[in-house]
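Here are the chains, one letter per residue:
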Amino acid sequence: MNRPNPLPRPEGERKHLEQVWQPPAGWRILSAVNNTYVGLFYIGTALLFLLLGGVLAVIMRTQLAVPENNLLDAGTYNQIFTMHGTVMMFLFAVPMVEAIGVYLLPGFLAARDLPFPRLSAYAYWAYAFGGIAFFCSLFFGYAPDGGWFMYPPLTSYQHSPGINADFWLLGIGFIEISAIAGAIELVVGILRTRAPGMTLDRMPVYAWAMLVVGLMITFGFPPVIVGTLLLEIERSLHWPFFIAERGGDPVLWQHLFWLFGHPEVYIIFLPAAGIASMIVPTMAQTPLVGYRLVVLAIIATGFLSFGLWVHHMFAVGLPHLSMAFFSAASMAVSIMSGVQVFSWIATLGRGRVRLTVPTLFILGFLFTFVAGGLTGVMLATIPFDWQAHDTYFVVAHLHYVLIGGMVFPFFAGFYYWAPTVSGRTLSERIGRWVFALMFVGFNLAFFPMHITGLMGMPRRVYTYPEGLGWEWLNLLSTAGAYMLAAGVALFLVDIARNLRVAGKVDTNPWNAGTLEWLPLDNYASRSIPQVEGRDPLWDNPGLRKEVDRGEHFLPGSATGYRETIVTSPIDAKPQYLLTLPGPSWSTVVAAAGTAAFFLLLTVQLYWTSLIGAAVALAGVLHWMWRAEPGPVSPPVEVGRGCVLPVNICGPASHSWWGTMVLILVDGTIFASLLFTYFYLWTVRPEQWAPAAALLPDALWPLLSAAGYAGSAALILFGRRAVRAGRVAVTAAIAPAFGLLVLGFGAELIGQIETELVPTASAYGAAVYVISANQGVHVGALMIMAGFVMARAWTGRLSWERRASYDNTMLLWAYTACQGLVGLAVLHLFPRFLG
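Just so you know, these numbers come straight off a predicted model, no measurement behind them.

Undergrad: Now, about empty space enclosed by the protein: what can you tell me, with residues and values included?
TA: Under the counting rule described, the total for this entry stands at 4 cavities of 30 Å³ or more. Here the largest cavity is characterised by a volume of approximately 240 Å³. Classifying every residue of the lining of the largest cavity by side-chain character gives 10 nonpolar, 6 polar and 3 charged. Of the volumes computed, that of the second largest cavity is approximately 80 Å³. Elements represented by at least two residues in the lining of the second largest cavity include exactly α25 (762-793) and α26 (803-833). No other element matches the 5 residues that α26 contributes to the lining of the second largest cavity. In the lining of the second largest cavity, the residues fall into 5 nonpolar, 5 polar and 1 charged.

Structure representation (structure tokens):
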């Protein structure tokens with residue numbers, strides 16, 4: 001990254017910013033990493049998948065328009081049905097949530113960008129490459145056909161021997177990687193890059209919603225990662241996690257899937273609710289009623305959502321007491337949604353509402369989501385759920401919640417924030433037609449499904465016989481689906497006619513009070529304001545001009561790089577100046593390598609897939625190598641007499657926080673593996689208790705524990721070696737890694753010496769998958785240790801620039817702790833039972 005030539009001040013400060021933040025020209029725009037462009041790429045791709053998923057839905061509704069239709073055969077319908085659900089949930093809903101967050105949050109927070117721009121770019125490209133490759137499987141007959149939920153044993157190797165299911169299991173790997181990368185960016189960005197003075201109590205509701213969503217992804221995605229991993233291992237290696245005859249249990253998949261699946265409903269809903277909480281006050285021209293109650297409701301919803309997964313499993317045959325608990329929790333979470341709904345109604349009632357297109361979509365959202373919530377309370381009642389389960393009543397409820405609770409607010413957001421892209425609003429006349437077609441079409445499509453469900457029509461069927469009274473209702477639903485599709489098509493016409501990326505945007509057509517309506521350019525706002533309230537533009541009507549004149553923090557580039565201010569997580573006090581990277585092809589290369597790796601694994605080209613892995617690793621290492629640009633900078637003045645250090649290290653740094661969020665993800669994956677181990681022991685104790693011959697001699701786990709403990713101690717104390725130079729760093733890392741390998745090797749040798757075979761029983765499979773997880777961590781640390789030593793020997797590691805060592809140290813200590821917990825579970829627990 002080259003420093004721009006210094007320009008005269010103060011007239012030159014704006015030009016300096018323009019030069020530093022200048023986007024690449026032509027096709028090189030694909031290498032852009034700042035939120036403005038990555039966010040728009042993200043939103044555009046998510047809209048593409050909305051269209052593709054919608055086309056699949058229209059095809060399904062055409063097939064079901066009349067009884068005994070032969071437009072599609074059963075196999076093709078199953079593929080289209082599976083792809084529709086998967087595309088909408090994994091390729092549209094969650095990516096769109098993160099896409100809008102990546103685009104909008106720097107504006108809400110008055111940050112120049114989020115703290116890990118290349119991570120956002122990598123997340124996008126992994127999603128784009130992976131999602132397109134996954135969707136194309138439909139054209140070659142390899143699309144998954146086991147439902148978007150992929151329940152075993154139907155999807156295990158005995159009943160689905162082809163690679164169709166593998167496309168789902170490995171294809172979703174792209175989305176999981178992308179979602180977790182996005183969550184790290186969101187959590188750290190919201191907590192650490194807010195404008196000075198924007199305390200947590202002044203943070204926009206949308207930012208609160210995205211913070212909770214980032215944490216929900218952190219804890220909600222690992223169970224489905226583990227579930228897909230276990231099912232793919234069962235399919236490839238025949239380790240029987242879900243095969244009852246060998247001690248497994250297919251219900252384990254449902255627990256792991258819905259531990260993710262029900263929080264995902266709120267991962268989708270909460271950002272939409274956050275959008276509503278931003279639009280409603282603006283359209284009513286009055287502050288949100290009950291701000292703190294709304295924030296508490298958002299936090300409580302995120303917490304309670306993890307206690308609802310059995311809501312989807314009432315027909316499985318679980319104990320009545322446990323089902324009663326989850327039934328109560330399912331009803332309790334509706335109270336949190338009610339708090340937000342009444343807050344919006346009170347805000348609309350207190351102000352003078354302008355009936356614009358965003359307002360119409362918000363009103364449509366209130367109607368449809370409340371209706372979906374009421375049917376959700378009905379399904380939370382166990383006897384009713386037993387009657388309605390697997391009928392079209394559930395299909396209607398699902399779409400009222402997801403389309404009503406997500407799509408309508410997102411379309412409101414598109415019409416509301418379109419001026420931040422183009423400088424002008426979309427067409428009000430066309431927008432009203434879009435709303436009318438979508439609202440009427442949606443209700444015409446899905447309301448009759450409540451009735452068909454109560455009349456007994458099962459879901460997931462590709463046709464039905466005449467004479468059951470369903471014909472006219474299905475025809476109505478199909479007509480409504482076409483009307484809904486017409487509304488979306490008209491929206492695209494409006495976008496094509498009226499939306500252009502304008503560069504600098506200076507407009508606030510709705511007279512909003514939040515900071516995303518400051519004058520914006522590629523560098524976001526000209527200066528970063530001091531925030532004094534929740535609605536800064538209403539509190540200080542002259543703030544837009546002050547910021548654009550550069551009268552607040554960071555009116556230019558203090559170091560010659562792209563920059564933003566990092567603030568404290570609670571009070572948002574300035575702590576240091578963070579330099580940000582410019583355009584980079586490394587993220588695109590790393591994402592392409594990741595996509596190639598998973599795709600080649602799916603088509604069973606295992607050795608060739610290593611080439612993709614190598615390309616991905618090379619891309620990541622290249623961008624990490626350049627992660628700390630330039631020499632160590634002295635403290636700089638950032639405006640208003642504030643002097644800040646540049647790119648600090650240690651617990652206050654953004655990279656430390658990002659690593660800690662990653663460790664939370666990693667720890668939840670490990671916890672999900674332990675859940676697998678203990679769940680299978682609970683449900684199949686007669687096949688689980690291992691014989692004495694299946695436990696290694698106690699010497700091996702003791703030797704392993706010593707290796708892990710000694711390795712962690714060396715790497716923690718070795719942090720001081722960074723001050724002493726490259727020889728001391730090598731002297732600390734090399735023996736620490738040796739002890740780490742000793743810890744893993746002793747455990748592995750001990751297991752190999754027993755008669756335990758992972759293909760013979762679920763117990764063996766669970767033991768080996770926990771050990772394999774530890775082996776993956778050891779391999780990753782080998783690469784990281786080599787990277788740190790390479791930086792030390794090339795003069796790129798010092799006490800002031802030690803982020804690579806700190807991050808490696810944190811992951812190293814976690815790996816050692818994980819190894820010790822794994823040893824206790826695999827060796828102490830069985831001996832205690834014995």
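Undergrad: I'd love a proper account of the pairing of strand β2 (residues 574-580), names of residues and values included.
TA: Among the 7 residues of β2, 5 are classified as buried, and the element is accordingly described as predominantly covered. As paired elements, strand β1 (residues 562-567) and β2 share 6 bridges and run antiparallel to each other. The residue of β2 that forms the bridge with Val566 is Tyr576. Remark: 6 residues form the turn of the hairpin made by β1 and β2, two consecutive strands paired antiparallel; Ala572 in that turn has positive phi of roughly 55°.

Undergrad: Describe the packing of aromatic side chains, and please don't skip the residues or the numbers.
TA: Enumeration over the complete set of coordinates arrives at 63 aromatic pairs. Where Phe384 meets Phe393, the ring centres are 5.2 Å apart and the plane angle is 70°; that geometry is what we call edge-to-face. A relative accessible area of 23% places Phe384 in the partly exposed class. The exposure class of Phe393 is buried, given its relative accessible area of 2%. For the pair Trp625 and Phe787, a centre-to-centre distance of 5.7 Å together with 80° between the ring planes defines the contact as edge-to-face. One end of the pair, Trp625, is in helix α19 (residues 606-625); the other, Phe787, is in helix α25, with 162 residues separating them in the sequence. For Phe787, a relative accessible area of 13% corresponds to the buried category. Its end group placed over the ring of Trp657, Arg192 keeps NZ or CZ at 5.0 Å from the ring centre. Above the ring of Trp625, the side-chain terminus of Arg791 is found at 5.5 Å from the ring centroid.

Undergrad: Give me the side chain of Gln254: which residues, what numbers.
TA: By the secondary structure assignment, Gln254 is in helix α7 (residues 251-284). Setting aside its immediate chain neighbours within four residues, Gln254 contacts Tyr151, Leu259, Met313 and Val316.

Undergrad: Which residues make up the pattern of salt bridges, and what values go with them?
TA: One pass over the structure, following the stated rule, counts 11 salt bridges. A salt bridge links Arg14 to Asp548, with the nearest nitrogen and oxygen atoms 3.3 Å apart. Taken together, the residues span a long stretch of sequence, with Arg14 in helix α1 (residues 11-20) and Asp548 in helix α17 (residues 543-548) at a distance of 534 residues. Take Arg14: its relative accessible area is 21%, and that puts it in the partly exposed class. When its relative accessible area of 16% is taken as the criterion, Asp548 is described as buried. Of the charged contacts in the structure, one is a salt bridge between Arg802 and Asp806, with a shortest N-O distance of 3.3 Å. Ionic contacts of the salt-bridge type, sharing partners, join the residues Arg14, Lys504 and Asp548 into one network.

Undergrad: Run through the domain arrangement of the protein chain, naming residues and quoting values.
TA: For the protein chain, the assigned domains are domain 1 (33-498) and domain 2 (671-833). Of the residues lining the interface, 20 residues belong to domain 1; the matching set on domain 2 comes to 18 residues. For the domain 1 and domain 2 pair, buried surface summed over both sides reaches about 1500 Å², with 69% attributable to carbon and sulfur atoms. Our enumeration of links across domain 1 and domain 2 arrives at 0 salt bridges. For the interface between domain 1 and domain 2, the tally reads 5 residue pairs in polar contact (both at pLDDT 80 or more). Looking at the side of domain 1 that touches domain 2, the elements with two or more residues in it are α6 (205-237) and α7.

Undergrad: Report on the environment of Tyr77, specifying residues and quantitative values.
TA: Here Tyr77 shows up in helix α3 (residues 74-109). Residue Tyr77 is classed as buried on the basis of its relative accessible area, which comes to 1%. Sequence separation between Tyr77 and Val38 is 39 residues, and the spatial gap between their C-alpha atoms is 35 Å. Contact partners of Tyr77, with chain neighbours within four places excluded, come to Met60, Gln63, Leu64, Leu72, Tyr392, Val461 and Tyr462.

Undergrad: Could you give an account of the packing of helix α8 (residues 291-304) against helix α9 (residues 320-350), with specific residues and numbers?
TA: At a minimum axis distance of 9 Å, the contact between α8 and α9 shows a crossing angle of 155°. Put simply, α8 runs roughly antiparallel to α9. Here the hand of the crossing between α8 and α9 comes out left-handed. Counted together, Leu293, Val294, Ala297, Ile298, Ala300, Thr301 and Leu304 of α8 and Ala332, Val333, Met336, Val339, Gln340 and Ser343 of α9 form the full contact between these two elements. Of the residues assigned to the contact of α8 with α9, the class counts are 10 nonpolar, 3 polar and no charged.

Undergrad: Describe the side chain of Thr452, listing the residues and the values that go with them.
TA: Looking at where Thr452 falls in the secondary structure, it is placed in helix α14 (residues 428-454). Residue Thr452 is classed as buried on the basis of its relative accessible area, which comes to 2%. Beyond its immediate chain neighbours, meaning those up to four positions away, Thr452 contacts Tyr392, Met457, Trp470 and Leu473.

Undergrad: Got a sec to walk through the environment of Ala713? Specific residues and values, please.
TA: Here Ala713 is to be found in helix α22 (residues 699-717). Judged by relative accessible area, which is 32%, Ala713 ranks as partly exposed. Between the alpha carbons of Ala713 and Arg292 there is a distance of 44 Å; along the sequence they are 421 residues apart.

Undergrad: Pulling in residues and values, what's your account of the state of the cysteines?
TA: For the structure on display, the rule yields 0 disulfides. The thiol sulfur of Cys642 is not disulfide-bonded, and the nearest other cysteine sulfur, from Cys649, lies at 19 Å. Cys642 sits in the buried class, given a relative accessible area of 17%.

Undergrad: Can you explain unusual backbone geometry? Please cite residues and give values.
TA: Residues Pro152 and Pro153 are joined by a peptide bond in cis, for which omega reads 10°. Mapped onto the elements of the fold, Pro153 is located in the loop between α4 (117-136) and α5 (164-192). Look at His238: it is not a glycine, yet its phi comes out positive at around 65°. Here His238 falls in the partly exposed class, since its relative accessible area comes to 35%. Even without being glycine, Ala524 reaches a positive phi, approximately 70°. Of note, Ala524 is situated in the loop between α15 (471-498) and α16 (536-539). Residue classification places Ala524 among the buried positions, given a relative accessible area of 14%.

Criteria and thresholds
Residues numbered from 1 in each chain as written. Predicted model: local features only at pLDDT ≥ 70, side-chain atom pairs only at ≥ 80, totals over all residues. Heavy atoms only, no water. 1 Å grid on protein atoms, 1.4 Å probe; cavity = no way out; pocket = protein on both sides within 12 Å on 5 of 7 lines; lining within 4 Å. Points joined across faces, edges and corners; volume = space filled by probe spheres on them. Nonpolar A, V, L, I, M, F, W, Y, C, P; charged D, E, K, R; others polar. Helix = DSSP H or I, 4+ residues; strand = E, 2+ residues; numbered from the N terminus. Buried < 20%, exposed > 50% of the residue type's maximum accessible area, 1.4 Å probe, protein only. Pairing = 2+ DSSP bridges. Phe/Tyr/Trp six-rings, centres within 6.5 Å; stacked < 30°, edge-to-face > 60°. Lys NZ or Arg CZ within 6 Å of the ring centre and 35° of its normal. Contact = heavy atoms within 4.5 Å. Salt bridge = Lys/Arg side-chain N within 4 Å of Asp/Glu carboxyl O. Domains from an automatic or database assignment. Buried area = accessible area lost by both parts, 1.4 Å probe. Polar contact = N/O pair within 3.5 Å; in protein donor to acceptor, adjacent residues only side chain to side chain. Axes fitted to C-alpha atoms, helices over the stretch in contact; angles between N-to-C directions. Parallel < 35°, antiparallel > 145°, perpendicular 65-115°, else oblique. Left-handed = near helix turned anticlockwise from the far one by under 90°. Disulfide = S-S within 2.5 Å.

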